[in-house]
Amino acid sequence: MDEKFLKVDEVMQILGVSKSAAYKIMRQMNDELKKKGYAVIRGKISRKYFNERFYGMKEEI
């Protein structure tokens, strides 16, 4: 398991959403990161950023 990034299947399982909904959420988060100047990997989302956005856990990326 890749500890730094979540893949679509993990996002689906964590949030209990469909694959298309998980991809939409990941795309939205990656767009937010791009606007902040970070490089992103299509189809993956930073685990730290995901936790910050969904659970309010503040950690620097």
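Just so it is clear, the model here is predicted, and its values are computed rather than measured.

This part takes up the pattern of salt bridges. Summed over the entire model, instances satisfying the criterion amount to two salt bridges. The partner of E10 in a salt bridge is R47, and the shortest N-O contact between them spans 3.6 Å. You can see E10 sitting in helix α1 (residues 8-15) and its partner R47 sitting in helix α3 (residues 47-55), a full 37 residues away along the chain. Relative accessible area serves as the criterion here: at 19%, E10 is assigned to the buried category. The salt bridge partner of R53 is E32, with a shortest N-O separation of 2.9 Å.

Turning to the packing of aromatic side chains, a few remarks are in order. Aromatic ring pairs are described here by two measures, namely the spacing of the ring centres and the angle between the planes. Under the defined criterion, the tally for this structure stands at two aromatic pairs. Connected via pairs of aromatic rings, a cluster forms that spans F50, F54 and Y55.

Side chains of K24, R27, K34 and R42 sit close together on the surface and give a patch of like positive charge. Counting through the fold element by element, K34 comes out in helix α2 (residues 19-35).

Let us look at the confidence of the model for the chain. In the predicted model, the chain carries a mean pLDDT of 90, and the fraction of residues at 70 or more is 89%. Considering each helix and strand of the chain separately, the mean pLDDT is smallest for α3, with a value of 90, and largest for α2, with 96.

Between α1 and α2, whose axes approach to 9 Å, the crossing angle comes to 105°. The pairing of α1 with α2 is recorded here as roughly perpendicular in orientation. Residues V8, D9, V11, M12 and L15 of α1 form the contact with α2, whose participating residues are K19, A22, Y23, I25 and M26. Of the residues belonging to the contact of α1 with α2, the class tally is eight nonpolar, no polar and two charged.

Rules used in this analysis
Every residue gets a number counted from 1 within its own chain, in the order that chain's sequence is written. For this predicted model, a pLDDT threshold of at least 70 governs which residues receive local features, and a threshold of 80 or more governs which side-chain atom pairs are given and counted, while totals over whole chains, interfaces and linings are taken from all residues. Working from all heavy atoms in the structure, the side-chain values ignore hydrogens and water. Counted as salt bridges are all cases of a side-chain nitrogen of Lys or Arg within 4 Å of a carboxyl oxygen of Asp or Glu. In this text, helices come from DSSP runs of H or I with a minimum length of four residues, and strands from runs of E with a minimum of two, each type numbered from the N-terminal end. Note on exposure labels: buried denotes an accessible area under 20% of the residue type's maximum, exposed denotes more than 50%, and partly exposed covers the range between, all computed with a 1.4 Å probe on protein chains only. Paired rings are identified among Phe, Tyr and Trp, the last through its six-membered ring, by centres lying within 6.5 Å, and are further divided according to the angle between planes into stacked (under 30 degrees), edge-to-face (over 60) and tilted (the rest). Residues form patches when they are more than 30% accessible in relative terms and have no salt bridge. Like charges link within 9 Å. Nonpolar side chains (Val, Leu, Ile, Met, Phe, Trp, Tyr) link within 5 Å. Accessible surface area values rest on a Shrake-Rupley calculation with a 1.4 Å probe, where residue burial reflects the displayed protein chains alone. Asp and Glu count as negative and Lys and Arg as positive, but His and the ends of the chain are not part of the count. Just so you know, the charge point we use is NZ for Lys, CZ for Arg, CG for Asp and CD for Glu. pLDDT is defined as a per-residue confidence score from the predictor, taking values between 0 and 100. Throughout, an axis means a line fitted to C-alpha atoms (over the contacting stretch in the case of helices), and angles, computed between N-to-C directions, take values from 0 to 180 degrees. Working rule for angles: under 35 degrees goes down as roughly parallel, over 145 as roughly antiparallel, 65 to 115 as roughly perpendicular, anything else as oblique. Only heavy atoms matter for contacts: two residues are in contact if any of them lie within 4.5 Å across the pair. Three classes are used, and their members are as follows: Ala, Val, Leu, Ile, Met, Phe, Trp, Tyr, Cys and Pro are nonpolar, Asp, Glu, Lys and Arg are charged, and the others, Gly among them, are polar.

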